[in-house]
Amino acid sequence: MTELLKGTARDKALAPLVAQGWTENSDGTAIEKRFVFRNFVEAFAFMTRVALLAEKRDHHPDWRNVYRTVEVTLSTHDAGGLTVKDIELAQKMNEAAAYV
C-alpha cells in the first residue's frame, strides 16, 4: 500500500499543484480541480487521455463532466488520503490539459 503524504513532504508536493489551481478538499484527504475547455470535444479528449494514463498507473480519478467542464477529485482511497500517486496523476492531468 502507498503511504500517506505528511508534514513537509506533503506541503512540498502540494505547493506547485496549488499554484496551478488545485485545492485541498475540506478534510484534507483529497485534491480537486476544475478544468474548463472550449467545448465538449476538448473536454472528452482530455478525459480520454487521462483515462489511459490512469489505467496504466492503476490509479483512477473521481471525476464529473458537464459539457466543457471536467471536475476532478484525487485521493488514494485504500490509503485514506493523499499519496504520491495523487500528486503524479495531478501533474499528468495538468500536462494533458495543455495538449487539448
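Here, every reference points to the structure presented above.
The following refers to the structure shown.

Look at helix 1 (residues 7-19): 18 Å from first C-alpha to last across 13 residues, which is about the 18 Å you get at 1.5 Å a residue. For helix 1, the full list of buried residues reads Arg10, Ala13, Leu14 and Leu17. Turning to helix 1, the residues buried within the fold contact strand 1 (23-24), strand 2 (31-36) and helix 3 (84-99). Glycine 21 sits one or two residues past helix 1 and shows a positive phi near 100 degrees.

Let us look at the side chain of aspartate 86. Mapped onto the secondary structure, aspartate 86 falls in helix 3. One buried charged residue, aspartate 86, forms no salt bridge at all, with the nearest opposite charge on arginine 10 at 8.0 Å. Among residues more than four places away in sequence, those in contact with aspartate 86 are Ile31, His59, Leu74, Ser75, Thr76 and Gly81.

About the thresholds
- Counting from 1, residues in each chain are numbered in the order their sequence is written.
- In keeping with the predicted nature of the model, local features appear solely for residues at pLDDT of at least 70, side-chain atom pairs appear and are counted solely at 80 or more, and the whole-chain, interface and lining totals rest on all residues.
- Heavy atoms throughout the structure, all of them, feed into the side-chain values; hydrogens and water do not.
- Only runs of H or I of at least four residues qualify as helices and only runs of E of at least two qualify as strands under DSSP, and these elements are numbered from the N terminus.
- A helix is expected to span 1.5 Å for every residue after the first.
- Burial here depends on accessible area, computed with a 1.4 Å probe over protein chains only, as a share of the maximum for the residue type. Under 20% is buried, over 50% is exposed, and the range in between is partly exposed.
- Residue contacts are defined here by distance: any two heavy atoms, one from each residue, within 4.5 Å place the two residues in contact.
- Positive: Lys, Arg. Negative: Asp, Glu. His and the chain ends are not part of the count.
- The salt bridge definition used is simple: a Lys or Arg side-chain nitrogen within 4 Å of an Asp or Glu carboxyl oxygen.

Everything listed is a geometric property; what it means functionally is a separate question.
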